[in-house]
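Survey of secondary and tertiary structure
These are the residues of each chain, in order.
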2 protein chains.
Amino acid sequence: MTTAAEQQKNILIVGGGFAGISCAKALANCPINIILVDQRNYHLFQPLLYQVATAVLSPADIASPIRHILRNQQNVKVGLGKMTDIDLDKKIAHFAGNRVPYDYLVLAIGAQDSYFGHDQWSQLAPGLKTVDDALEIRRRVLLAYEEAEWEADDESRRAKLTFVVVGGGPTGVEMAGALKEIAAETIPKDFRHIDTTTARVILIEGSDRLLGAMPSQLGKKAQQGLEGMGVEVRLNSFVTDLSEGTVAIGDEELPAENIIWAAGVRGSQIAEKLGVELDRAGRVVVTPDLSIPGHPEVFVIGDLAHVIDPRTNQIVAGVAPAAMQMGKFVAGLIRRESTMGTVEKARPAFHYHDKGSMATVGRNKAVASIKGRSFSGLPAWLLWCLVHLIPLVDFRSRLSVMFSWTWSYLSYSKNARLITGDAKLKVKSIRKE
Amino acid sequence: MTTAAEQQKNILIVGGGFAGISCAKALANCPINIILVDQRNYHLFQPLLYQVATAVLSPADIASPIRHILRNQQNVKVGLGKMTDIDLDKKIAHFAGNRVPYDYLVLAIGAQDSYFGHDQWSQLAPGLKTVDDALEIRRRVLLAYEEAEWEADDESRRAKLTFVVVGGGPTGVEMAGALKEIAAETIPKDFRHIDTTTARVILIEGSDRLLGAMPSQLGKKAQQGLEGMGVEVRLNSFVTDLSEGTVAIGDEELPAENIIWAAGVRGSQIAEKLGVELDRAGRVVVTPDLSIPGHPEVFVIGDLAHVIDPRTNQIVAGVAPAAMQMGKFVAGLIRRESTMGTVEKARPAFHYHDKGSMATVGRNKAVASIKGRSFSGLPAWLLWCLVHLIPLVDFRSRLSVMFSWTWSYLSYSKNARLITGDAKLKVKSIRKE
């Protein structure tokens, strides 16, 4: 005799980002067993992570425990841990020492920073993927000013007050703007020996424009906005070498102690274990229904998926709305097939409904492209605020972020300026008192 | 020729806690040069730190950069770093590689956790002194439930769901209450395999009552309150040994994976370099004017000071109001003497104006002793909330904490449940799926 529970399909979702969570949620009230595992206990609203790194928000404002998000959905169990291996033939995934058999596997493990073959740079130039990354960047940025205040050696002090952001996509643009705001608005009165407004913020982009995924006039607007704030934007520039205290941009050696990496992502390494085609960025090339070739029961969604939208013939971008739509799409397939009890003969293809994209540059300044229309300046900035507030995971976060933003806006202050972790000054020559 | 600045006295304040900050602030507009150094870049509202450890508040709610607090006080410079040595005869302090000469030295470096000679216990049983401590305790507490959810071994699971708080003072009482609230109210719906309401919270106190500094009926009230919530209170009990996964209480070996240390403090080790008498807890025995014997220019204030109040003949307690009063008292002396240009012949003695003390136990439950009158229950709890909101460093923090409290109160939720740092499960035998 088999019980109803035994007949139910087992769905293993790996990853609690936008893709994984929206897939799990779209399967609510479906008579299946879902296990959702993630390496971290929280779902993160990644588009605002740079504001944790730049001391505007606290981690809890933009992150929420995955268990908490799914607490009322009885068909989901949540696990904390890393998937270490997959046996596609036996349909078993290995997670934190456990072997989890599945009927459907949904891989939504996202991407990681790509250092283009220079993995040793990751220590010198942290990227921005997790809360821990953001707190590390915050620590480094704040510590740089503390060190500069007491550094008697002019050259070393200039290097401490030089911030280089690598990569001119939305994250890079937003980081560069926020770093300049800290220097120019937030902390000038806090220091006695240094003029923080002289801090250099340099944004490096390999192509000939910022915000490559948006219309070119918006890239120009963003550049003008940043340059108006005093950010140095260098297009057609590449980091050729990194060492402690120096970044090489092309042939130029620039003394700079603070490098932030926002230059690109590649698929998580576990993708290699699938034994299927990966693109140059390490993403999994999936079929139009987001499954992998030969395994209709294995889906790859979110930033890890390389999928061509059949209507536009373009690769679907690694952005939150696309990830959420993929999650819902796959949930729809699974829901139908688990009712039918078989794999659909002709599964539909995934289409991305691109509602637009946007990036903020600074106070009252943003750029947005919505359904082919371009906006910039204050209207885009207000829209950006709204669009980033509404989807915040719970009502409390929304209020809390709104409060922090309003406060920062009115007071020109950033209140989460706490150095946690190692707070030891490294100074070449200390200022005599 | 000497300039005005050269004639001005140099005041070195070490420590940015309640004592150091209130001393610096009370010297505003005084024609002197103040340097305030601290190992951390923030001033911390320590009475609410347990709420960071128990995921109610974010660090930025109760901590603020010292520079920011003192940004408008032009006679202060702030330094980040540790004082490593003092030369009392030459009046020079060593700070982060710098030699800082002083006319007055104010030591306000506080206390550290005391493991009563078992320093190796500090790894197993973290205390609660800094933001990093609180985040580490939060990480351990949340991870314990994650591990218990997947732990198939009954005994190991019970150990993971056993929380032992050592020390029945205000911090221990508040931690124990908050840990039980998490287990009983906040997370039961988040887990599928375990019943979190069965988690044991055990509070160990060496003496025959809780809250030894308060009237005895309040200790009883607090105990009743905790026991009503399901906390096991063990009086006249001592931790005799600690090892990974086990705590020995007297002769009993209790399997418990989560130990939190709130059992006592001792003076910071730098106090030994002063070469003056220390009490058994390592605090500096100061003269009635809070200076050290033979050095009227060196003051010790806050938790590091052992001072007898001449009116009550009792040692002044290591609490925030006493620290602030000491800071203001010493600032008054320095202000007068720097105007006079000489040390006062007959300095006044420090008196502590004890307005009362209080501790919260749980929802609607607290105990308070105000000017000899004892309160408990809801009135004491409301008073506790008020008394802990008002002195929060800035207006923004006050609003933010009020918001978090209101939210937690209404929703029975604690929103900062993020595991940062190492989030790897350690499970003896994993539950099969």
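Residues numbered from 1 in each chain as written. Chains lettered and ligands numbered in written order. Predicted model: local features only at pLDDT ≥ 70, side-chain atom pairs only at ≥ 80, totals over all residues. Heavy atoms only, no water.

Since there are 3.6 residues in each turn of an α-helix, residues three or four apart along the chain are aligned in direction. For helix α8 (residues 170–186) of chain A, which comprises 17 residues, the first-to-last C-alpha distance of 22 Å matches the rise-based estimate of 24 Å (1.5 Å per residue) to within 8%. Burial within α8 of chain A is extensive, with 13 of its 17 residues counted as buried. (Helix = DSSP H or I, 4+ residues; strand = E, 2+ residues; numbered from the N terminus. Expected span 1.5 Å × (residues − 1). Buried < 20%, exposed > 50% of the residue type's maximum accessible area, 1.4 Å probe, protein only.)

Taken together, the contact pairs 63 residues of chain B with 63 residues of chain A. Taken over both partners, the interface formed by chain B and chain A buries close to 5,500 Å², and the fraction arising from carbon and sulfur atoms is 56%. In this structure, the connection of chain B to chain A is made through 2 salt bridges. Between Glu146 of chain B and Arg67 of chain A there is a salt bridge, with the nearest N and O atoms lying 2.8 Å from each other. Summed over the shared surface of chain B and chain A, the result is 25 residue pairs in polar contact (both at pLDDT 80 or more). (Contact = heavy atoms within 4.5 Å. Buried area = accessible area lost by both parts, 1.4 Å probe. Salt bridge = Lys/Arg side-chain N within 4 Å of Asp/Glu carboxyl O. Polar contact = N/O pair within 3.5 Å; in protein donor to acceptor, adjacent residues only side chain to side chain.)

Below, the discussion takes up the nonpolar core. Ile62, Tyr145 and Leu290 of chain B are the most contacted members of the largest nonpolar core, which has 133 residues in total. Once residues lying within four places of it in the same chain are set aside, the contact partners of Tyr145 of chain B are Leu161, Phe163, Leu179, Ile182, Ala183, Ile187, Phe191, Ile194, Thr196 and Ala199 of chain B. Ranked by size, the runner-up nonpolar core spans 132 residues in total, among them Ile11, Val37, Ile187 and Ile270 of chain A. (Core = buried A, V, L, I, M, F, W, Y, C linked by side-chain atoms within 4.5 Å.)

This part covers the packing of aromatic side chains. Counted under the stated rule, the structure contains 24 aromatic pairs over all chains. Where Trp121 of chain A meets Trp261 of chain A, the ring centres are 5.7 Å apart and the plane angle is 65°; that geometry is what we call edge-to-face. Taken together, the residues Trp121 of chain A in the loop between β10 (111–113) and α6 (131–150) and Trp261 of chain A in strand β17 (residues 258–261) connect sequence positions 140 residues apart. In this pair, the class of Trp121 of chain A matches that of Trp261 of chain A, namely buried. Judged by centre distance (6.1 Å) and plane angle (40°), the rings of Tyr145 of chain B and Phe191 of chain B are tilted. Taken together, the positions of Tyr145 of chain B in helix α6 (residues 131–150) and Phe191 of chain B in the loop between α8 (170–186) and β12 (200–204) put the pair 46 residues apart, joining distant regions of the chain. Taken together through their ring pairs, the aromatic side chains of Tyr115, Phe116, Trp121 and Trp261 of chain A make up a single cluster. Cation over ring: Arg363 of chain A sits above Tyr409 of chain A, and NZ or CZ is 4.2 Å from the ring centre. Here Arg363 of chain A stacks its cationic end above the ring of Tyr412 of chain A, 3.7 Å away from the centre of that ring. (Phe/Tyr/Trp six-rings, centres within 6.5 Å; stacked < 30°, edge-to-face > 60°. Lys NZ or Arg CZ within 6 Å of the ring centre and 35° of its normal.)

In short, the description is geometric, and any link to function would need to be established separately.
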